[in-house]
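Analysis of the macromolecular model
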Amino acid sequence: MTDSVLDHVLDHVLTVPPATGRISFARLDGTETLELAELHARSVKLAAGLHARGIGAGDRIGILSANRLEWVLLDLAALRLGAVTAGLEPGKFAPDDALLARYGLKLLFTDQPSEAAGAVPIAEVGRIADAADPADAPAPVRYAPDQVTTIKFTSGSTGEPKGLGATAGSIESSLRAVQQMFHHAPDDNLFVFLPLSLLQQRYWIYSALRYGHDVTVSTYEAAFSTLRRARPTVVMGVPAFFDTARRHIEGRARRAGTGIRAEAQRFFGDRVRYLWTGSAPADPAMLRFYTEAGVPIYEGYGLNETCIVAKNHPGAFREGSVGRVVPGKQVLFDEDGVVSVRSDHPVNVRYEFAAPGVSERVFRPGGIVRTGDLGYLDEDGFLFIRGRADDVIVLDNGKKVIVRPIEERLKSGPAIEECVLFCPAQTDLVAVVSPATLPADEAAIAEQLARTNAALDRDERISRVVVAREPFTIENGLLTSQFKPRRPQIRAAYADQLDQPQEGIHAH
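Rules and cut-offs
- Residues numbered from 1 in each chain as written.
- Predicted model: local features only at pLDDT ≥ 70, side-chain atom pairs only at ≥ 80, totals over all residues.
- Heavy atoms only, no water.
- Helix = DSSP H or I, 4+ residues; strand = E, 2+ residues; numbered from the N terminus.
- Rg over C-alpha atoms; globule rule 2.2 N^0.38 Å.
- Buried < 20%, exposed > 50% of the residue type's maximum accessible area, 1.4 Å probe, protein only.
- Contact = heavy atoms within 4.5 Å.
- Areas by Shrake-Rupley, 256 points an atom, 1.4 Å probe, with all protein chains shown as cover.
- Lys, Arg positive; Asp, Glu negative; His and termini not counted.
- Charge placed at Lys NZ, Arg CZ, Asp CG, Glu CD.
- Axes fitted to C-alpha atoms, helices over the stretch in contact; angles between N-to-C directions.
- Parallel < 35°, antiparallel > 145°, perpendicular 65-115°, else oblique.
- Left-handed = near helix turned anticlockwise from the far one by under 90°.
- Core = buried A, V, L, I, M, F, W, Y, C linked by side-chain atoms within 4.5 Å.
- Disulfide = S-S within 2.5 Å.
- Nonpolar A, V, L, I, M, F, W, Y, C, P; charged D, E, K, R; others polar.
- Phe/Tyr/Trp six-rings, centres within 6.5 Å; stacked < 30°, edge-to-face > 60°.
- Lys NZ or Arg CZ within 6 Å of the ring centre and 35° of its normal.
- Expected span 1.5 Å × (residues − 1).
- Pairing = 2+ DSSP bridges.

Looking now at the overall build of the chain. Looking only at helices and strands, the chain has 16 helices and 26 strands in total. The C-alpha atoms of the chain give a radius of gyration of 23 Å, which matches the 23 Å a tight globule of 508 residues would have. If you line up the chain on its principal axes, its C-alpha atoms span 75 × 55 × 50 Å. Out of the 508 residues belonging to the chain, those deemed buried represent 54%. At a minimum sequence separation of 6, the contacts of the chain that also span at least 24 residues come to 66%. Of the accessible surface of the chain, which amounts to about 21200 Å², a share of 50% is contributed by carbon and sulfur atoms. Computing the positive centroid from 56 side-chain charges and the negative centroid from 64, the chain places the two 2 Å apart.

Here's what the structure looks like:
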């Protein structure tokens, strides 16, 4: 399909007020709901207000705030003006003068106290819009495919987050691919709760404005409490969220003596038709749990640098895979099986903010991104991801061990929330596990270690397990914002136990 006949999603979002659909903001203390047409009208007024403050095409504005209506309005108003948003995740950035200078921000809207020049309380957004005349809003920008709309930041397992400008073409091609697979319609309600600073969470707002379905925005803290109230048809979440939800469902089914199917529907509401997951590897046992509970869950694959690459969906699903490659993407493999992705509409060809040399290691000519993941395509075109190339452990006998399948097997037991494998002496594997409960059930962990080792080859077996003092969390720096383990930080936090062979639960 040529660009001349493509559905230019952002043009439609900015120029056509939706005839159907609502957006809701679900909090612990209640829900605020607007018609999408009203959201569109308010964003036009805010665009006029920002324009009066000197914001125009190419200017950058930062948004450092929890999820709320004003976040969405700022994003849509900036899109209309051709201004570039920088979505800044709370807890990772401080609203100071250095932040504005580092990223070239003309204004910074934040829900945190700040004395920085250019910082504006995000609560002022409504007042800025109310004081403006929508007739003063410039006509919406028409985006070229390679035009940057926003700066997104890697969640990052080490160091300062890298900043990447996301192009309109990459956003639109992803939204078209999703709509072709899932056919979201006016009777759908998509539930999102991860930070809006993560660009993919804003996809679903653009999708609602383009295709006329409902969308509910919540927060991770409020998600469990607000799901049933929201009555979504689709829930977007990372594997860690659905793993926790599984434990809640199983626990309630045991206590109430009811079936898993009934409790799954009780948890997610009576309208749910599927669950969407990605951003981190999903436990196969968790995926099977939801399938057997009658709530299909579809895993996909993508990176900040590529957008959506592959996705299981109702028309094409294969257990263990991350789906078929979506239109506009091509998956390539080097001699070691490392995945690279070529895009018709690349996210970008370099990082906007990164240390010298980092862009060159990731971005290749021709719209190609080296992912660093190991994978393969089966005979029917389904993509399987085996783990990170960097996470292959080479033992002193030359044996290469891919850690992800072993980690998934070990953490499939109910006593283990998360685990990471290390090889301190290059002779044997040692796991650091995040317990599912405190105090940790060490007997159950030992039993799961024995079951795991019984299914593995000799070189793949785990010699011992170090039980973490406390669960891995975002707050203690051992998980990323997308709930992926931060291996270097975990290695550093438990170096003493890892390097002492007598420490931990030993395999028998």
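Look at helix 9 (residues 239-256) against helix 10 (residues 260-268): their axes get within 9 Å of each other, and the N-to-C directions meet at 125°. Taken together, helix 9 and helix 10 sit at an angle that is classed as oblique. Viewed along their axes, helix 9 and helix 10 form a crossing whose handedness is right-handed. Residue-level contacts link Phe241, Phe242, Ala245, His248, Ile249, Glu250, Arg252, Ala253 and Ala256 of helix 9 to Ile260, Glu263, Ala264, Arg266, Phe267 and Phe268 of helix 10.

Looking now at the nonpolar core. In terms of nonpolar packing, the biggest core is built from 75 residues, with Ile23, Leu39, Leu46, Leu74, Phe109 and Trp204 touching the most fellow members. Ranked by residues supplied to this core, first place goes to helix 3 (residues 69-81) with 10 residues. Setting aside residues up to four positions removed in sequence, Phe109 forms contacts with Leu50, Ile61, Gly62, Ile63, Leu64, Leu74, Val120, Ile122, Val125 and Ile128. Counting 39 residues, the second largest nonpolar core, distinct from the first, contains Ala245, Ala293, Val295 and Ile297.

What the rule picks out here adds up to 0 disulfides. Between Cys419, a cysteine without a disulfide, and Cys423, which holds the nearest cysteine sulfur, the sulfur-to-sulfur distance is 15 Å.

Bringing the packing of helix 13 (residues 403-410) against helix 14 (residues 442-454) into the picture now. At a minimum axis distance of 9 Å, the contact between helix 13 and helix 14 shows a crossing angle of 135°. Taken together, helix 13 and helix 14 sit at an angle that is classed as oblique. Where helix 13 crosses over helix 14, the two elements pack in a sense that is right-handed. Residues Ile406, Arg409 and Leu410 of helix 13 pack against Gln448, Leu449 and Thr452 of helix 14. When the residues that make up the contact of helix 13 with helix 14 are grouped by side-chain class, the tally is 3 nonpolar, 2 polar and 1 charged.

Attention now goes to the packing of aromatic side chains. Scanning the entire structure with this criterion turns up 26 aromatic pairs. Residues Phe182 and Tyr274 carry aromatic rings whose centres are separated by 4.5 Å and whose planes lie at 20° to one another, so their mutual orientation is stacked. Highlighted residues: Phe182 in helix 6 (residues 168-182) and Tyr274 in strand 12 (residues 274-277), separated in sequence by 92 residues. A relative accessible area of 1% places Tyr274 in the buried class. Taken together, a centroid distance of 5.6 Å and an interplanar angle of 50° make the contact between Phe182 and Trp276 tilted. One end of the pair, Phe182, is in helix 6; the other, Trp276, is in strand 12, and 94 residues separate them in sequence. For the cation-ring pair, Lys311 lies above Trp276, with the distance from its terminal atom to the ring centre recorded as 3.7 Å.

On to unusual backbone geometry, then. Of note, the amide linkage connecting Leu438 to Pro439 takes the cis form, showing an omega dihedral of -5°. Not every positive phi belongs to a glycine, and His183 is a case in point at roughly 50°. Structurally, the position occupied by His183 is in the loop between helix 6 and strand 9 (189-192). For His183, a relative accessible area of 55% puts it in the exposed group. Unlike most non-glycine residues, Arg231 shows phi in positive territory, near 50°. Along the chain, Arg231 turns up in the loop between helix 8 (220-230) and strand 11 (234-237). With relative accessibility at 38%, the residue Arg231 sits in the partly exposed group.

Between the first and last C-alpha of helix 3 there are 19 Å, a value that for 13 residues agrees with the 18 Å anticipated at 1.5 Å per step. Within helix 3, 13 of the 13 residues are buried, which leaves it mostly tucked inside the rest of the structure. Gly82 sits one or two residues past helix 3 and shows a positive phi near 80°.

Turning our eyes to something else, we now look at the sheet that holds strand 24 (residues 429-435). An order of 23-24-25-26 is seen for the 4 strands of this open sheet, with the pairing classed as mixed. At either end of the open sheet lies a strand with only one pairing partner, and these are strand 23 (416-422) and strand 26 (505-506). Sheet topology note: the strand 24/strand 25 (residues 462-467) ladder contains 5 bridges and is parallel. Residue Ala431 lies in a different strand from strand 25, and its bridge partner there is Val465. In the packing of helix 13 onto the sheet, the strands contacted are strand 23, strand 24 and strand 25, and the crossing angle to strand 23 comes to about 150°.

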